There are 2 protein chains.
Amino acid sequence: MTYCVGLNLEQGLIFASDSRTNAGVDDIGRFGKMRVFANDGERVIVTLSAGNLSVTQNALNLLDHRATHDASQPGLMNAKSMFEVATLVGDAMREIRARDESYLRSSNIDPNASFILGGQIAGESPRLFLVYSEGNFIESLADTPLFQTGETKFGRPILDRVITPQTSLSEAAKCVLVSFDSTIRSNVSVGTPIDLLVYRHDSLQLGVQRRLEEDDPYYGEIRRQWNDSLRSVLQTLPDPDWL
Amino acid sequence: MTYCVGLNLEQGLIFASDSRTNAGVDDIGRFGKMRVFANDGERVIVTLSAGNLSVTQNALNLLDHRATHDASQPGLMNAKSMFEVATLVGDAMREIRARDESYLRSSNIDPNASFILGGQIAGESPRLFLVYSEGNFIESLADTPLFQTGETKFGRPILDRVITPQTSLSEAAKCVLVSFDSTIRSNVSVGTPIDLLVYRHDSLQLGVQRRLEEDDPYYGEIRRQWNDSLRSVLQTLPDPDWL
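In this text, all values refer to a predicted model and were calculated from it rather than measured experimentally. (Residues numbered from 1 in each chain as written. Chains lettered and ligands numbered in written order. Predicted model: local features only at pLDDT ≥ 70, side-chain atom pairs only at ≥ 80, totals over all residues. Heavy atoms only, no water.)

## So, the pattern of salt bridges
Summed over all chains, the structure comprises 40 salt bridges over all chains. The salt bridge involving A:Asp160 is made with A:Arg156; its shortest N-O contact spans 3.1 Å. Remark: A:Arg156 and A:Asp160 occur in helix 3 (residues 156–162); sequence separation between them is four residues, near one turn of the helix. B:Arg99 is paired through a salt bridge with B:Asp100; the nearest N and O atoms lie 3.5 Å apart. (Salt bridge = Lys/Arg side-chain N within 4 Å of Asp/Glu carboxyl O. Helix = DSSP H or I, 4+ residues; strand = E, 2+ residues; numbered from the N terminus.)

Right under this line is the structure:
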C-alpha cells in the first residue's frame, strides 16, 4: 500500500509520501514514491506515485527516456504548463498500461496506479493535479486544497478538520505528519521514511525537502505529543451525565 | 454505508451504530441498525447489523418467526450461550442468502452483510462476536477489545489510541462518539442518529440506551470541544525548525 498527500495552499504546495511497497505480506519493500524535476528559477515539478510500482516508475521512465534521446520530444523539463505535464504523465501511464496490462491481469496483478502531481512553471501559479489510473486527471481548486492517494481514510479526519487554503505551511506540515502517524499506526502496509517537500509560492526553487525516518527526533516528538494530547483532551471532554 | 462499533471492556460492553442506509446517493434512508433482545436478570443480547439490509433484517426475522410460532425452536431468547447465539445468527444469515443471493446478484446487488453481536447470558461472562458475511464468526478476546463494521477507517485511529480492556465505560463512550464524529464528517453515507447502548458487566439488565440525534446537546458539545481542542493541540505542537 501507499499513502500520499498533496496540499495546494496560498503559501505554497506541500507533498508527502511514505516509502513502503508490498506485493503480499511476505514481500515488503522500501521505495520512495516522490520524484522531483527542477530547474531553479524556471520550474519545480513533484510527482507522488501510488499503485502498481512498475506502471508508475515506467510512465516516468518513458518520458525521461524519450526527452533524453530526442530533445524535440515533450517531457517534464520542457512542458510549457502544469496542464501539459499532467497530460504527458496521463498519456505515458496509458502507454505503459497498454503494453503491460494484459500480462498483469493474466496473473491477477492489479495494474491500477495514480499520481499526485504538482509544482510551478515560470509564468503560471503553482498547480496541483490528481492523475487517475485511467490517465484522466483533475486539478485542485480553492474548494479542494488537498489530494490523497493510497490508504487515505485513516489520516483523512485531521486533514478535513484543519486544512484550508489559508493554512500556513508550518501548520500544514505538522498536520500532514499527524495524518501520516495515524495512517502508519493503523495500517502496517504504510511505513516510514516519510518524504516531505515544501514548495513556497513563486519561489521557483526546490525549497525544503526532508526524509523523516522512523527515529527522526522531530517526527518522534510530534507523534508523542499528539498521542498524549489526544488522550488528555478526551479525558477533559465532559462525561455523559446519563452513564 | 454503515458504521458500527462494539467494545468488550472489563466494566462491560458498549455498542454503537449509525442510522443511515443507502441504495445509491438518490436513495438514502434512515434505519436503526441496533436490536436488543433482553430478559432482565437472565440475558441481554445486542445486535448491530451492517451490509445488505434485507439480509440482516430477515436473518433476525427468521429466528424470531420460528421461535414465536414453535417454542421448541432455538432462538435468541432461549439460546444457552452467546456462542449459540452467534451460531444461530450465522446460520440464519446463510439461510437467507441461500434464498436470495442469486436474485440479488442477477441485479448486481451486493448480498454481503455482517453482525457485531454481544451481550451476556446468566452463567457466562459478557461476550462479543463479529459474524462475517459467510456466517462464520470470531470472538473478541483481551488482545482485541473492539470490533468495527462498515465504514471503519475514518474512525479507527482514535479507538486505536485510546481503547484497552481497562478503559472505563464513560471514557470509552466519549471515544466512540468522537470516532463517529470523525466518520460522519468524512463520509456522507454515515449519519445520525447514533444508537448507543452501554451494558455493565454482570448487571443482566439493559443499562443505558440512548439515541443521539444530530442536534443532541451532549453530542454537539463533544463534537465542538473535540474539534476546537484538536486544532489548538496542533498549534501547540513544536514547529519544524527546518521550515
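## A few points about the relation of the copies chain B and chain A
The two copies are related by a screw motion: chain B maps onto chain A through a turn of 180 degrees and a shift of 0.0 Å along the axis, at an RMSD of 0.0 Å. Both copies are brought into coincidence by an operation consistent with a two-fold rotation axis. The share of interface residues of chain B whose copies in chain A are also at the interface is 100%, consistent with both copies meeting through the same surface. (Least-squares fit on C-alpha atoms with pLDDT ≥ 70 in both. Contact = heavy atoms within 4.5 Å.)

## Brief notes about the sheet that holds strand 2 (residues 12–17) of chain A
Residues and elements named next belong to chain A. One open sheet holds the five strands; their spatial order is 10-1-2-11-12, and the pairing between them is antiparallel. Every interior strand has two partners, whereas the edge strands, strand 10 (146–150) and strand 12 (208–212), have only one. Ignoring which end each strand starts from, the neighbouring axes of this sheet average 10 degrees apart. Pairing geometry for strand 1 (residues 3–9) and strand 10, over five bridges, is antiparallel. When the bridges of strand 10 are listed, Leu-7 appears paired with Leu-146. (Pairing = 2+ DSSP bridges. Axes fitted to C-alpha atoms, helices over the stretch in contact; angles between N-to-C directions.)

## Concerning the interface of chain B and chain A
Facing the 45 residues of chain B at the interface are 45 residues of chain A. Per-residue buried area on chain B facing chain A is highest for B:Arg161, B:Leu234 and B:Trp242; these three make up 22% of the total on that side. Across the chain B-chain A interface, the total number found is six salt bridges. Linking B:Asp239 and A:Lys174 is a salt bridge whose minimum nitrogen-to-oxygen distance equals 3.0 Å. Taken together, the connections running from chain B to chain A amount to 24 residue pairs in polar contact (both at pLDDT 80 or more). Sorting elements by how many residues they give to the side of chain B that touches chain A places helix 5 (residues 217–236) of chain B first, with 13 residues. (Buried area = accessible area lost by both parts, 1.4 Å probe. Polar contact = N/O pair within 3.5 Å; in protein donor to acceptor, adjacent residues only side chain to side chain.)

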